[in-house]
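Here is how the chains run, residue by residue.
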Amino acid sequence: MKKILALAILGLIGLGFTEFVEYPIDGYERTGIKRLKRLEMIKNGELKETSPLPEGAKKSWEDIQLNLLNRKEDSVGSFFMVDESFQKDIGALFRGLDKSYSLAIMDISDPDSVRYAERNKTFGYQPGSVGKLAVLVALFEQMAKIYPDSFELRTQLLKNKVVKAGVWGLTDEHTIPIFNVEKNTLVKRQVIASDVFSLYEWADHMLSVSNNGAASIVWREALLMAAFGEKYPGLTEEEAMAYFKETPKKELTDLANDVVNLPLRDLGITSDEWRLGSFFTSGANTYVGDKGGSIGTPYGLMKFLVQLEQGKVIDEASSLEMKRLMYMTDRRIRYAQSPVLKEAAVYFKSGSLYKCDRSKGEECGKYMGNVQNFMNSVIIVEHPDNCRYMVVLMTNVLRKNSASDHMYLASAIDKIVRKG
């Protein structure tokens, strides 16, 4: 969620998002995402990079497929039948631990005979940057309304429509990668108000480096699509600014809330299972307010993953493109950093939010909050040997490095899944 500013409680708030990169490396010509050009040059030996690309990060965009298309007609509820043996093995990982760990896991190696296990699946957590997946769904939902009969026109809009950051992109300390394709130079810096990128690049910044400003900008554009409909592709910055200045804040807030949440309701995900209530930057609050708070649960997010793999999130083409945008193609972090996943293709989003109260005299730091310590991992794993599974792990374990905790749990979970 949006960066929380200094609170009046004794202490310091820490928000942390480490950089990682997504979308298939060979996608530059198709998407215009300049960062991908650099990765392709590194892969081809045209540029030097000290950190080699993981083998699992080298899939072509054409190789990425949806895993549950042959079960497209099945209801989402039919996937959530607990496998007792699987449940026993997964449950053993958390024996003796408190209710600060929640999880949903589904082995889809055999789509006709999935295995499912859970732990505290309906417990609600502050979703952090995992909520950016809801913004991604909102973007694709609105594009489908503008171009209901042509996915090609939707991707052309993503590639060719460029928009300026403005105040919406401000107040996020995390950087974005900016690659100059003429000079082959890379700069990493914070978003500034004058930044102009295509919708594809803003969406990539939102997911690949979890930039909060980019998330607010993508959400803003989805809101404008809802407001202007088929007129949106030709909408000018001046027309957009006039709309925001002339429209009552409550009306904008209500529309913004509907844009990101109603598509989730259409997927059968209730407001208590997953909802988004506020933008990711305070700059956005110049025009749009907060509404309803934000929450995420393993059950709600697993409903999303299942239907993504079924091709039911908007439509099959949109589901596949969203999965491509979740594909990691560079250094991996948190859950995805587990060494056992090195050869696997992973589709990943994580989110963290932690607070420290220094007055308690306790050890407290990055991902080790002593007031709150949310860490959420949403991942699809595809091993080369066709072992495929999905995990939603959400935790709020105080005074423990949750980034490392998720990485260790990833190794243990992978071992259980692979033993069958």
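First things first, this report covers the structure right here in the doc. This is a predicted model, so every value here is computed, not measured.

Attention now moves to the overall build of the chain. Of the regular secondary structure elements, the chain holds twelve helices and twelve strands. Scaling as 2.2 N^0.38, a compact globule of 420 residues should have a C-alpha radius of gyration of about 22 Å, and the chain matches this with 20 Å. Dimensions along the principal axes, computed over C-alpha positions, put the chain at roughly 60 × 50 × 45 Å. Burial analysis of the chain (420 residues in total) assigns 59% to the buried set.

Attention shifts here to unusual backbone geometry. Peptide bonds are, in most cases, trans, and in most cases residues other than glycine have a negative phi. Located in the positive-phi region is Ser210, a residue other than glycine, with phi close to 55°. Along the chain, Ser210 falls in the loop between helix H6 (199-208) and helix H7 (212-228). One non-glycine residue, Ile314, lies in positive phi territory at about 75°. Tracing the sequence through the fold places Ile314 in the loop between helix H10 (298-310) and helix H11 (316-326).

In an α-helix, one turn spans 3.6 residues, which is why side chains three or four residues apart end up on the same side. With ten of ten residues buried, H6 is to be regarded as a mostly interior element. Those residues of H6 not exposed but buried are Leu199, Tyr200, Glu201, Trp202, Ala203, Asp204, His205, Met206, Leu207 and Ser208.

What the rule picks out here adds up to one disulfide. Here Cys356 engages in a disulfide with Cys364; their sulfurs sit 2.1 Å apart. Because the torsion about its S-S bond is -90°, the bridge between Cys356 and Cys364 counts as left-handed. Judged by its relative accessible area of 3%, Cys356 falls in the buried class.

What the rule picks out here adds up to 16 aromatic pairs. Aromatic side chains Phe80 and Tyr299 sit 4.9 Å apart centroid to centroid with 80° between the ring planes, which places their arrangement in the edge-to-face category. Residue Phe80 is found in the loop between helix H2 (34-43) and helix H3 (84-93), and its partner Tyr299 is found in helix H10; the two are separated by 219 residues along the sequence. In this structure Phe80 comes out as buried when scored by relative accessible area, which is 9%. Assessed through its relative accessible area of 15%, Tyr299 is described here as buried. A centroid spacing of 6.3 Å and a plane angle of 85° characterise the contact between Tyr125 and Phe374, whose relative ring orientation is edge-to-face. Taken as a pair, Tyr125 in the loop between strand E3 (115-119) and helix H4 (132-146) and Phe374 in strand E11 (residues 372-382) lie far apart in primary sequence, 249 residues in all. Taken as a pair, Tyr125 and Phe374 share a single burial class, namely buried. In textbook terms, an aromatic cluster arises when at least three aromatic residues are bridged by ring pairs, as seen for Trp168, Trp219, Phe228, Tyr243, Phe244, Phe279, Phe280 and Tyr287.

Turning next to the environment of Asp315. Mapping Asp315 onto the fold places it in the loop between H10 and H11. For Asp315 and Gly369, which are 54 residues apart along the polypeptide, the C-alpha to C-alpha distance reads 40 Å. One polar contact links Asp315 to Arg154, side chain to side chain, over a distance of 2.8 Å. Among the polar contacts made by the side chain of Asp315, one reaches the main-chain amide nitrogen of Ala317 at a distance of 3.4 Å.

Rules of the game
- Residues numbered from 1 in each chain as written.
- Predicted model: local features only at pLDDT ≥ 70, side-chain atom pairs only at ≥ 80, totals over all residues.
- Heavy atoms only, no water.
- Helix = DSSP H or I, 4+ residues; strand = E, 2+ residues; numbered from the N terminus.
- Rg over C-alpha atoms; globule rule 2.2 N^0.38 Å.
- Buried < 20%, exposed > 50% of the residue type's maximum accessible area, 1.4 Å probe, protein only.
- Disulfide = S-S within 2.5 Å.
- Phe/Tyr/Trp six-rings, centres within 6.5 Å; stacked < 30°, edge-to-face > 60°.
- Polar contact = N/O pair within 3.5 Å; in protein donor to acceptor, adjacent residues only side chain to side chain.

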